[in-house]
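Observations on the model geometry
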Amino acid sequence: MGRKRKERLFQFSLRGLDTNLLTVLFFVMVFGAIMIYSASYYTAGMSKAYKYDAMYLLKSQVIYSLLGVAAMFVVSCINYHFWSNFALLGYLFCVVLVLLLKVPSLAVTVKGATRWLQIGPVRFQVAEPVKLIMIVFMATLIVGRQKHLRSWKYMIQLILPTGIISVMILKISNNMSTAAILLGTAVFMIYVVHPEQWKFILCGAVLAAAVAAFLYYVKNLDPSVMALEKNFRLVRIRAWLFPYEYEQNTAYQSLQGLYAIGSGGLWGKGLGNSIQKLGKIPEPYNDYIFAIICEELGIFGAGLIILLFIYLLYRIYTVSQTAEDLLGRMLSIGVMSHIALQVILNLMVVTNLFPTTGVTLPFFSYGGTATVFLLIEIGLVLSVNKYSVKKRLEDERRRYS
């Protein structure tokens with residue numbers, strides 16, 4: 001019995017891995033590493049913090065990518081049902097992680113934002129493991145409530161845990177982008193399986209109307225009022241609506257990003273030839289790396305990256321549609337919606353279609369924690385595909401035996 005249990009939980013083989021997904025992931029990661037080096041070599045080579053090593057950030061990103069790939073393959077070998085046993089424990093762990101940001105000896109504040117924890121030699125951004133764990137938690141919760149989705153009572157029970165975590169992250173770490181991504185991922189996961197999707201569309205329309213009314217209010221707000229001076233988010237929205245009025249401060253990065261995009265033209269200035277990364281755009285290898293891509297590789301390079309992301313998301317969606325059960329489908333949909341939301345928000349921010357917020361471009365923006373946990377999410381998707389393929393083969397064998 002013990003041996004059968006082990007074979008059911010672990011499958012250390014390459015059979016069943018989605019090679020198309022792995023191929024597009026490889027191209028995205030290699031492309032991302034090249035662009036991180038191109039966007040960072042000037043800053044790293046001129047900075048004492050990076051030991052005046054032009055390849056410092058590239059080497060760091062490659063190390064984290066290799067760790068992430070190793071973790072991805074390990075997770076892909078573990079039956080995805082295993083993680084649902086720890087969903088509630090994982091949720092409580094998320095609560096503890098966010099609360100630890102209130103502990104001065106563990107929390108790390110960078111540029112006024114307290115979003116990192118330092119535990120011994122390890123420093124990581126709390127939002128990244130929380131995103132992963134909440135996908136597993138929401139998938140498990142939806143499976144347990146699938147027969148009651150029409151009930152508003154159960155709908156509130158589904159969304160409330162994520163809402164609590166999102167509010168905690170917003171209040172404790174002042175990280176609105178992560179809170180929005182968590183909530184958006186949870187809502188989309190519920191939307192996919194809900195039998196009455198028109199309710200979500202109606203709520204979305206009401207929300208859009210409320211946002212439009214709020215933007216109208218902010219647009220006509222007197223910029224000298226105290227409420228505006230004290231609320232940096234209102235300032236960001238005003239800077240988004242009237243960027244040239246704030247070009248020396250709040251809208252500076254947005255305008256520099258637009259200058260980079262506009263100067264790239266169709267084919268770009270050539271890899272490594274960006275001007276805006278030479279001190280114009282702060283940390284060009286992070287949130288605004290897409291602007292550097294547009295400047296160096298033009299619309300052609302930017303379009304290629306968008307196509308790679310579309311195909312990556314399509315492969316994850318395909319896995320969700322061929323999953324053997326609802327848990328596998330929800331895990332895949334959760335990963336897909338998380339990556340899609342981050343890509344869309346990042347591109348909208350960089351192109352000034354959305355107010356500035358700290359959203360990175362998956363696999364392209366520099367960041368060790370984000371890369372590792374994104375790859376673990378891909379490992380979950382690979383596990384869903386592997387065990388779904390295995391079950392289908394077993395069913396066929398049983399049918400013909």
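Our subject in this report is the structure included herewith.

Right, let's talk about the overall build of the protein chain for a bit. Regarding its fold elements, the protein chain presents 15 helices and three strands. Scaling as 2.2 N^0.38, a compact globule of 401 residues should have a C-alpha radius of gyration of about 21 Å, and the protein chain matches this with 22 Å. Taking the principal axes of the C-alpha coordinates as reference, the protein chain spans close to 75 × 50 × 45 Å. Looking at the protein chain as a whole, 47% of its 401 residues qualify as buried. Taking the intrachain contacts of the protein chain between residues at least 6 apart in sequence as the baseline, contacts between residues at least 24 apart amount to 70%. Carbon and sulfur atoms make up 67% of the accessible area of the protein chain, which totals about 20,000 Å². Taking the average location of the 37 positive side-chain charges in the protein chain and that of its 19 negative ones, the two points are 8 Å from each other.

This brings us to the side chain of Ser-320. Relative to the assigned elements, Ser-320 resides in helix H13 (residues 289-322). Of the polar contacts made by the side chain of Ser-320, one reaches the backbone oxygen of Tyr-317; its length is 2.5 Å. Among all residues touching Ser-320, those that are not within four sequence positions of it are Arg-329, Ser-332 and Ile-333.

Residues Val-130, Ile-142, Ile-316, Met-330, Phe-363, Phe-364 and Ile-378 are the most contacted members of the largest nonpolar core, which totals 94 residues. In terms of residue count, the dominant contributor to this core is H13 (14 residues). The next biggest cluster of nonpolar side chains, apart from the first, holds five residues, and it includes Val-218, Leu-234, Ile-237 and Trp-240.

The next thing to look at is the layout of surface pockets. The space that makes up the second largest pocket amounts to roughly 260 Å³. As for the second largest pocket, its lining consists of 13 residues, and the residues nearest its centre are Trp-83, Phe-86, Gly-90, Ile-133 and Val-136. If you list the elements that add at least two residues to the lining of the second largest pocket, you get helix H5 (87-100), helix H6 (127-144) and helix H15 (368-400). Counted by class, the lining of the second largest pocket contains twelve nonpolar, one polar and no charged residues.

Attention shifts here to unusual backbone geometry. Of note, Glu-283 is a non-glycine position whose phi angle comes to about 45°, a positive value. Assignment of secondary structure puts Glu-283 in the loop between helix H12 (252-264) and H13. The phi torsion at Phe-363 lies on the positive side, around 70°, for a residue other than glycine. In this fold, Phe-363 is placed in the loop between helix H14 (326-350) and H15. On the accessibility criterion, Phe-363 (5% relative accessible area) is buried.

The strand order E1-E2-E3 describes an open sheet built from three strands, whose pairing is antiparallel. A single partner strand is all that each edge strand has here, and the edge strands are strand E1 (107-110) and strand E3 (122-125). Strand-to-strand twist of the sheet, defined as the mean angle between neighbouring strand axes without regard to direction, takes the value 35°.

All right, on to the environment of Ser-151 then. Structurally, Ser-151 can be placed in the loop between H6 and helix H7 (152-173). The spacing of Ser-151 and Tyr-259 is 108 residues in sequence and 50 Å in space, taken between C-alpha atoms.

There is a patch of nonpolar side chains on the surface, built from Phe-26, Phe-27, Val-30, Ile-34 and Leu-271 and spanning about 480 Å² of accessible area. Note on placement: Val-30 falls in helix H2 (residues 19-46).

On to the packing of H6 against H7. Interaxial distance between H6 and H7 falls to 9 Å at its minimum, and their mutual angle equals 165°. One finds that H6 runs roughly antiparallel with respect to H7. Between H6 and H7 lies a crossing of right-handed hand. The segment H6 lies against H7, with Val-130, Met-134, Phe-137, Met-138, Leu-141 and Ile-142 engaging Gln-157, Leu-158, Pro-161, Thr-162, Ile-165 and Ile-169. Its residues assigned to classes, the contact of H6 with H7 comprises ten nonpolar, two polar and no charged.

Counted at 1.5 Å a residue, the expected span for H12 with its 13 residues is 18 Å, and the 19 Å between its end C-alpha atoms agrees. For H12, the full list of buried residues reads Ser-254, Leu-255, Gln-256, Gly-257, Ala-260 and Gly-264. Where the residues of H12 are buried, they touch H13. Downstream of H12 by a residue or two, Gly-265 has a phi angle that is positive, lying close to 65°.

Rules behind the numbers
- Residues numbered from 1 in each chain as written.
- Predicted model: local features only at pLDDT ≥ 70, side-chain atom pairs only at ≥ 80, totals over all residues.
- Heavy atoms only, no water.
- Helix = DSSP H or I, 4+ residues; strand = E, 2+ residues; numbered from the N terminus.
- Rg over C-alpha atoms; globule rule 2.2 N^0.38 Å.
- Buried < 20%, exposed > 50% of the residue type's maximum accessible area, 1.4 Å probe, protein only.
- Contact = heavy atoms within 4.5 Å.
- Areas by Shrake-Rupley, 256 points an atom, 1.4 Å probe, with all protein chains shown as cover.
- Lys, Arg positive; Asp, Glu negative; His and termini not counted.
- Charge placed at Lys NZ, Arg CZ, Asp CG, Glu CD.
- Polar contact = N/O pair within 3.5 Å; in protein donor to acceptor, adjacent residues only side chain to side chain.
- Core = buried A, V, L, I, M, F, W, Y, C linked by side-chain atoms within 4.5 Å.
- 1 Å grid on protein atoms, 1.4 Å probe; cavity = no way out; pocket = protein on both sides within 12 Å on 5 of 7 lines; lining within 4 Å.
- Points joined across faces, edges and corners; volume = space filled by probe spheres on them.
- Nonpolar A, V, L, I, M, F, W, Y, C, P; charged D, E, K, R; others polar.
- Pairing = 2+ DSSP bridges.
- Axes fitted to C-alpha atoms, helices over the stretch in contact; angles between N-to-C directions.
- Patch = residues over 30% accessible without salt bridge, like charges linked within 9 Å, V, L, I, M, F, W, Y side chains within 5 Å.
- Salt bridge = Lys/Arg side-chain N within 4 Å of Asp/Glu carboxyl O.
- Parallel < 35°, antiparallel > 145°, perpendicular 65-115°, else oblique.
- Left-handed = near helix turned anticlockwise from the far one by under 90°.
- Expected span 1.5 Å × (residues − 1).

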